[in-house]
Amino acid sequence: MKNKLLIDIGSTYFKVSDNENLQQHFRDFNKDIFDDLKYKCNEILEKYKKEDIYICSSANGGLSTLIIGTSNSFSLKFATNIAFNSGINIIDTVLYQDIKTTSIPSDLIDVVIIAGGIDSVSKLFDEELFNYLEQISYSNIVYVGNKNDSEELSKKIENLVVLPNIINNKLQVNEDELKEYLTNLYQADIMGKEDIKHLYDITSNQIYPTPYIVNKTLPLINNMLKVADPFILVDIGGATTDIHYSTTLVNDNMIKNNEYDRLVFKKLGVFKSKESLIFAAKNNEFVYELLANMNVTENIFEEQSDKAIKVLMKLAIFLVLYKVSEAHPQYIHLKLNLLKSIVLTGGITKVLKDEEVEDIVGFFYKKILNSQIKPNIVLDSNYEIWTLGITQK
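Thresholds applied
Residues numbered from 1 in each chain as written. Predicted model: local features only at pLDDT ≥ 70, side-chain atom pairs only at ≥ 80, totals over all residues. Heavy atoms only, no water. Axes fitted to C-alpha atoms, helices over the stretch in contact; angles between N-to-C directions. Helix = DSSP H or I, 4+ residues; strand = E, 2+ residues; numbered from the N terminus. Parallel < 35°, antiparallel > 145°, perpendicular 65-115°, else oblique. Left-handed = near helix turned anticlockwise from the far one by under 90°. Contact = heavy atoms within 4.5 Å. Nonpolar A, V, L, I, M, F, W, Y, C, P; charged D, E, K, R; others polar. Expected span 1.5 Å × (residues − 1). Buried < 20%, exposed > 50% of the residue type's maximum accessible area, 1.4 Å probe, protein only. Pairing = 2+ DSSP bridges. Core = buried A, V, L, I, M, F, W, Y, C linked by side-chain atoms within 4.5 Å.

Undergrad: Explain the packing of helix H8 (residues 274-282) against helix H10 (residues 306-323) to me, please; I cannot follow it from the model alone.
TA: Two numbers describe a pair of packed helices, the interaxial angle and the distance between the axes. H10 packs onto H8 with a crossing angle of 60 degrees between their chain directions and a minimal axis gap of 10 Å. Taken together, H8 and H10 sit at an angle that is classed as oblique. Considering the relative orientation of H8 and H10, their crossing is left-handed. Along the contact surface, H8 presents Lys274, Leu277, Ile278, Ala280 and Ala281, while H10 presents Leu312, Leu315, Ala316 and Leu319. When its residues are assigned to classes, the contact of H8 with H10 shows eight nonpolar, no polar and one charged.

So, in structure tokens, the structure goes:
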């Protein structure tokens, strides 16, 4: 980006890109993010005006969200889609008819989203909703369901924010108002965290969540990499693994503006969520065969070595493909047999080589999909794909 400085603050690294090159720096966790950035990159920072510096961040973990909806096919699906594509982390979804038997989350939730029904219906919610909300801890709550119930819910739920229904009468998604609300909440969250809000000392542009920026990158991806449609992009980092996918890969009745959706796996990161990644691997029936294929044993999980990190990253690739395949019905089912390309980005691109990724993908396609044909592997080897989307409006 000519005459612009682009910065991505991750949970493990921060990346700085200007006209000449892209630098990566391992974060010093004993320092404030702003201080660490200034210490390592002050010379380049001083070359740019505040309006020419663009920043995205996943370092503050994002917002935790609970969604309550009256149907899986519409309200829950629509609200989940909008939240993911706003860079929000969903900790749980609750189908309203099951609310009596749903477990109560113990952690503080940043935002609760309530959705349900088109505007011509009413009286979808009753005392069960209010009883459930009394048992959970949350900071913000927003209603994006049918118009007729909004007045009653506003009376019963303190500080409820009411936005236009995300479902119109043609059963199409209306995402703009909720997406803007969630983006503004993310900004407020940043401003409440000392080590993130100081970044506004060096930029006059809004700081967005990195997953939101990556999703905006996807329509432009061929400006940087040769990628055939349909494709998925897998971002394997220290805290989470995200998968961004073309909507042509799902059987979906949603009519929406965006061509790409996102799914986040908060427990498949290779550093901050390493233990949960290992737990998921040990409980997968195919992983031990995969370990044998890599000529390692489960003792690798106890090691602290470069080899162990490589194995964890390979397992993250396998597990995320497994979780969106027809073999794992709890998650969205992607038509992986139709894939032409798999793009990998994130910290993984600095650790694994093309042939190592191809071995894992080949194992998955042969073992899980019973196919000898596999998609083309594209590595974002400079870890710079996010730079395409950061200045997009």
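Undergrad: Can you walk me through the packing of H10 against helix H11 (residues 354-367) in this structure?
TA: Relative orientation of the contacting elements H10 and H11 amounts to 35 degrees, with a least axis distance of 10 Å. Relative to H11, the crossing made by H10 is right-handed. The segment H10 lies against H11, with Lys310, Lys314, Ile317, Phe318, Leu321 and Tyr322 engaging Glu356, Val357, Ile360, Val361, Phe363 and Phe364. Residue composition of the contact of H10 with H11, grouped by class: nine nonpolar, no polar and three charged.

Undergrad: Which parts of the structure should I look at to understand H11?
TA: Since one α-helical turn is 3.6 residues long, residues separated by three or four positions face the same way. An ideal rise of 1.5 Å per residue puts 20 Å on 14 residues; H11 measures up with 20 Å between its terminal C-alpha atoms. All of the buried residues along H11 are Glu356, Val357, Ile360, Val361, Gly362, Phe363, Phe364 and Tyr365. Residues of H11 that are buried make contact with helix H9 (287-293), H10, strand E14 (341-346) and strand E15 (376-379).

Undergrad: What am I meant to see in the pairing of strand E13 (residues 260-265) here?
TA: Regular strands have side chains that alternate between both faces of the sheet. With six of its six residues buried, E13 lies for the most part within the structure. Residues Tyr260, Arg262 and Val264 line one face of E13 and the alternating positions Asp261, Leu263 and Phe265 line the opposite face, and both faces are buried. Note: strand E12 (residues 241-246) against E13, six bridges, orientation antiparallel. By the bridge assignment for E13, His244 is matched with Arg262.

Undergrad: I'm lost on the nonpolar core in this one. Help?
TA: The biggest cluster of nonpolar side chains holds 77 residues, and the ones touching the most others in it are Ile113, Leu178, Ile232, Ile317, Phe318 and Leu344. Broken down by element, this core gets its largest block of residues, 12 residues, from H10.

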